[in-house]
Amino acid sequence: MDDAAPQVGVVMGSQSDWPTMAHAVQILEEFGIAHEVRIVSAHRTPDRLVDYAKGAAGRGLKAIVAGAGGAAHLPGMIASMTRVPVLGVPVQSAALSGVDSLYSIVQMPGGIPVATFAIGKAGATNAGLFAAALLANEDADLATKLDAWRAKQTDSVAPTPVREG
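Nothing here was measured: the structure is a model prediction, and the numbers come from that model.

Each value, and the rule that gives it
- Residues numbered from 1 in each chain as written.
- Predicted model: local features only at pLDDT ≥ 70, side-chain atom pairs only at ≥ 80, totals over all residues.
- Heavy atoms only, no water.
- Helix = DSSP H or I, 4+ residues; strand = E, 2+ residues; numbered from the N terminus.
- Rg over C-alpha atoms; globule rule 2.2 N^0.38 Å.
- Contact = heavy atoms within 4.5 Å.
- Areas by Shrake-Rupley, 256 points an atom, 1.4 Å probe, with all protein chains shown as cover.
- Salt bridge = Lys/Arg side-chain N within 4 Å of Asp/Glu carboxyl O.
- Buried < 20%, exposed > 50% of the residue type's maximum accessible area, 1.4 Å probe, protein only.
- Core = buried A, V, L, I, M, F, W, Y, C linked by side-chain atoms within 4.5 Å.
- 1 Å grid on protein atoms, 1.4 Å probe; cavity = no way out; pocket = protein on both sides within 12 Å on 5 of 7 lines; lining within 4 Å.
- Points joined across faces, edges and corners; volume = space filled by probe spheres on them.
- Nonpolar A, V, L, I, M, F, W, Y, C, P; charged D, E, K, R; others polar.
- Pairing = 2+ DSSP bridges.
- Axes fitted to C-alpha atoms, helices over the stretch in contact; angles between N-to-C directions.

Asks: How should the overall build of the chain be read in this particular structure?
Replies: Summing up its helical and strand segments, the chain has six helices and five strands in all. Helices and strands in the chain line up, N terminus first, as β-α-β-α-β-α-β-α-β-α-α. Radius of gyration (C-alpha) of the chain: 17 Å, near the 15 Å computed for a compact globule of 165 residues. For the chain, the spread of C-alpha atoms along the three principal axes comes to 55 × 40 × 30 Å. Counting only contacts in the chain whose residues sit at least 6 apart along the sequence, the fraction spanning at least 24 positions is 65%. Split by element, the accessible area of the chain, about 9100 Å² in all, is 53% carbon and sulfur.

Asks: Is there a simple way to explain the pattern of salt bridges in this structure?
Replies: Should their charged atoms come close, side chains of opposite charge can pair. Within the structure shown, the criterion is met by two salt bridges. With its nearest N and O atoms 2.6 Å apart, the salt bridge here joins Glu36 to Arg59. Separated by 23 residues along the polypeptide, Glu36 in strand E2 (residues 35-39) and Arg59 in the loop between helix H2 (46-55) and strand E3 (63-68) bring together distant segments of the chain. Residue Glu36 is classed as buried on the basis of its relative accessible area, which comes to 8%. Through salt bridges with shared partners, a single ionic network connects Glu36, Arg38 and Arg59.

Asks: I'm lost on the nonpolar core in this one. Help?
Replies: The nonpolar side chains of a soluble globular protein tend to be buried with one another. Val8, Val10, Phe31, Ile33, Val65 and Leu87 are the most contacted members of the largest nonpolar core, which totals 24 residues. Apart from the residues within four sequence positions on either side, Val10 is in contact with Met21, Val25, Leu28, Glu36, Val37, Arg38, Tyr52 and Val65. Of all hydrophobic cores here, the second largest spans 19 residues; its members include Leu49, Ala53, Ala56 and Val86.

Asks: So what exactly am I meant to see when it comes to unusual backbone geometry here?
Replies: Excluding glycine, residues mostly carry a negative phi; peptide bonds, for their part, are mostly trans. Not every positive phi belongs to a glycine, and Ala72 is a case in point at roughly 50°. Tracing the backbone through its elements, the reader meets Ala72 in the loop between E3 and helix H3 (74-79). Positive phi, normally seen in glycine, also occurs at Ser97, with a value near 55°. With respect to the secondary-structure elements, Ser97 resides in the loop between strand E4 (86-90) and helix H4 (99-106). Classification of Ser97 by relative accessible area gives partly exposed; the value is 42%.

Asks: So what exactly am I meant to see when it comes to the layout of surface pockets here?
Replies: Empty space left among the atoms is revealed by rolling a probe the size of a water molecule over them. Space inside the largest pocket adds up to approximately 230 Å³. Gly13, Ser14, Asp17, Ala68 and Gly69 are the residues nearest the centre of the largest pocket, which is lined by 18 residues in total. Partitioning the lining of the largest pocket into residue classes produces six nonpolar, ten polar and two charged.

Asks: Is there a simple way to think about the sheet that holds E4 in this case?
Replies: For sheets, the rule is that strands pair by backbone hydrogen bonds, running either parallel or antiparallel. The five strands are arranged E2-E1-E3-E4-E5 in an open sheet whose pairing can be described as parallel. Of all strands in the sheet, those with a lone pairing partner are E2 and strand E5 (115-116), marking the two edges. The strands touched by helix H1 (residues 18-30) are strand E1 (8-12), E2, E3 and E4; relative to E1, the strand with the most contacts, the crossing angle is about 170°.

Asks: What's the story with the environment of Gly76 in this structure? I'm lost.
Replies: Residue placement: Gly76 occurs in helix H3. With a relative accessible area of 10%, Gly76 lands in the buried category. Sequence separation between Gly76 and Ala66 is ten residues, and the spatial gap between their C-alpha atoms is 9.0 Å. Once you skip the residues sitting within four places of it in the chain, Gly76 turns out to touch Met108, Ile112 and Val114.

So, in structure tokens, the structure goes:
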């Protein structure tokens, strides 16, 4: 990635969320989308969260991919303090396999929207793709890359199963 100003923020509640959130970053890097990655805990670093969320629009961010596990307050807290679209990724937790995270993110009160994705790797991947799609609305080169990526995905699916035996 070059020194371009980040267009997408990727935040997570702790280092342990990185194996999931790395999938969103991988997508952004694949498309050459300038991004930043931060650990911002809703519970352990509340001042960092406030500074990050309140400064997001002013720094030019167009989307924030926020992953959190357990109580998963990070996406909603960020959304409450910025007009930048927040894409919530529930991180799989040890106690309830990420269902707790999903419920925490998806049950936002009316007026504080968070686009919520699947639990884990699929959710992080799709959040990265969704951020790319948002940006592609105003970037013809990115739209072409995204269309090509989708066509390649389609072409990778065989029309008939391979029969073994």
